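A structural walkthrough
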Amino acid sequence: MRKPKVLFAASEVYPFAKTGGLADVGYSLPKALSDDFDVTVVMPLYLTVDRRKFAIEGPTDYFDVMLGSERRTVSVYESRYEGRHYLFVYEPQLCDRDYLYGAPGEGYDDNAQRFGLFSYAVTELARRMQSDIVHLNDWQTALAALIIAEDETIRARTVYTIHNLAYQGDFPKGALTELGIDKRHFTLEGVEFYDRVNLMKAGIGFADAVTTVSPTYAEEILTHRFGCGLEGYLEKHRTRLSGIANGIDTEHFSPQTDESLLRPYKTPRGKLSNKKRYLAEAGLEDAGLPLFIFIGRFTWQKGIDILLEALPQMALMPCNIAILGEGEPQYHPRFEAVAAAHPNVHLFFGYDEGVAHRMYAAADFLLMPSLFEPCGLNQMIAAHYGAVPIVHAVGGLADTVAPIARLQESPAPCGIPFDDATPEALMAAVETALELHHDTKAWSRAATHNMNADVSWGQSAAAYAALYRKISGGAVK
Ligand code: ADP
């Protein structure tokens, strides 16, 4: 029997292009689904994608799409990276840029056109490939849900996954004509949002199923606090909305086989040699002290302001702190000021997978004070590497990190969740962490539990497979 065909469309996919967790999902979810489905992943062929390294060939196909009144020619490239099928869409306006979406903290002015074009290309590919399911992700591909719903010649069912409701693809209303969206959709029920065009609404309103990346976030986004203005619209479409927590790719993130590490390891004991090596690399001293790490985008969502307020006080404690990230420029000098005053604080500005992996291996604790977190991957990666996550208990962080007191009964990793998004609550959690670290046995029990906890894609992939079957009404077996 033929496997059902899934076209998985995302604006970034690891290892070709990545700015955040979406890229990780674009790599690992299709991989986890590939036993049961014939999955093709499609993304833009940005200038920054290394065609040679990933054996990307082509063009293997061309077609035209209409972007409003403009005809655009799209070329298609392909790769069989790690035995899976990847398609890359090339069109100069979409792809020939220094950044994927714009300089840090900014977006290119023509992003509506760029990703509108990508959405039309995805739709055309779904038609040509006769996909059974088109799985769309975030605002960059949301328009495809509307186009497919309107086009009777495409039989595919659509799933739309919200990875972060804060980024909605909100544009001036001129985008309507530029993207050739029928004016009758410029209503409250359609893509209109305060007299502007909101592409996220096309995904929520027109996909056959809408998911977000954790059960708690699926509930939270129905509230004023987390709904980013779309809570009412989401409430209206609630029956099609569900939450499926992400997993991590436990082959890629494996302390046992990780090539970035000095000594891969199987138990928390093996962390010490990695910690020593990392401390030397970072110019930090004393492997006996607990090492706290933060890895992530410097943006308000990640709780950077809380972290920055707590850092000077934290740095006075007996510990080391290492921070890896990049993002909004205003944060960089603030971090630098703390590091200049405290030799036990190390900064690494930039994006570096190798450094990130070595930090996970070295860390005793991960700091994740996010104000909101659709799912978050760092906490699962850190746990899998035997660190204990300290998290603000929201969204996916609440779903994937149980309090240490519940270690016995929890299949999820355990850590130190805190309830209030304040520097004081973070500091209280850090103090708990210091006590835990002092109690070597308790720390090692927690670290061992975390290394053995199931954070793989297994259960989540099964949930997506069930959803695909449900919306296809039995057409997908
Ligand atoms: P986001 O909101 O950015 O998608 P997630 O926690 O879902 O956050 O995913 C973040 C991913 O990006 C993780 O794989 C994390 O290790 C990685 N990451 C984030 N910042 C950096 C960085 N500066 N260098 C290396 N990896 C990073």
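Residues numbered from 1 in each chain as written. Predicted model: local features only at pLDDT ≥ 70, side-chain atom pairs only at ≥ 80, totals over all residues. Heavy atoms only, no water.

Here we take up the pairing of strand 13 (residues 291–298). For strand 13, the buried fraction is high: 7 of the 8 residues fall into the buried class. Of the strand pairs in this sheet, strand 13 and strand 14 (residues 320–327) are connected by 8 bridges, and their pairing is parallel. Its bridge partner lying in strand 14, G296 is registered against G325. Note on the crossover from strand 13 through helix 10 (residues 304–315) to strand 14: the handedness is right-handed. Relative to strand 16 (residues 365–368), strand 13 runs parallel, the two being bridged by 2 bridges. Bridging from a neighbouring strand, I293 pairs with L366 of strand 16. (Buried < 20%, exposed > 50% of the residue type's maximum accessible area, 1.4 Å probe, protein only. Helix = DSSP H or I, 4+ residues; strand = E, 2+ residues; numbered from the N terminus. Pairing = 2+ DSSP bridges. Right-handed = clockwise from strand over helix to strand, strands pointing away.)

It is at 5 Å that the axes of helix 15 (residues 423–438) and helix 16 (residues 440–452) come closest, and there the two elements cross at 105 degrees. The pairing of helix 15 with helix 16 is recorded here as roughly perpendicular in orientation. Judged by residue contacts, L436, H437 and H438 of helix 15 engage T440, A442 and W443 from helix 16. Grouping the amino acids of the contact of helix 15 with helix 16 by side-chain chemistry returns 3 nonpolar, 3 polar and no charged. (Axes fitted to C-alpha atoms, helices over the stretch in contact; angles between N-to-C directions. Parallel < 35°, antiparallel > 145°, perpendicular 65-115°, else oblique. Contact = heavy atoms within 4.5 Å. Nonpolar A, V, L, I, M, F, W, Y, C, P; charged D, E, K, R; others polar.)

Here the focus is the site of the ligand. Contacts to the ligand come from 19 residues, most closely from G21, R297, K302, G350 and Y360. Side-chain polar atom of D24 to an oxygen atom of the ligand: 2.9 Å apart, as the coordinates give it. Backbone polar atom of L377 to an oxygen atom of the ligand: 2.9 Å apart, as the coordinates give it. Every element with two or more residues in the shell around the ligand is listed here: helix 1 (21–33), strand 13, strand 14, helix 12 (353–362) and helix 13 (378–384). (Near = heavy atom within 4 Å. Polar contact = N/O pair within 3.5 Å; in protein donor to acceptor, adjacent residues only side chain to side chain.)

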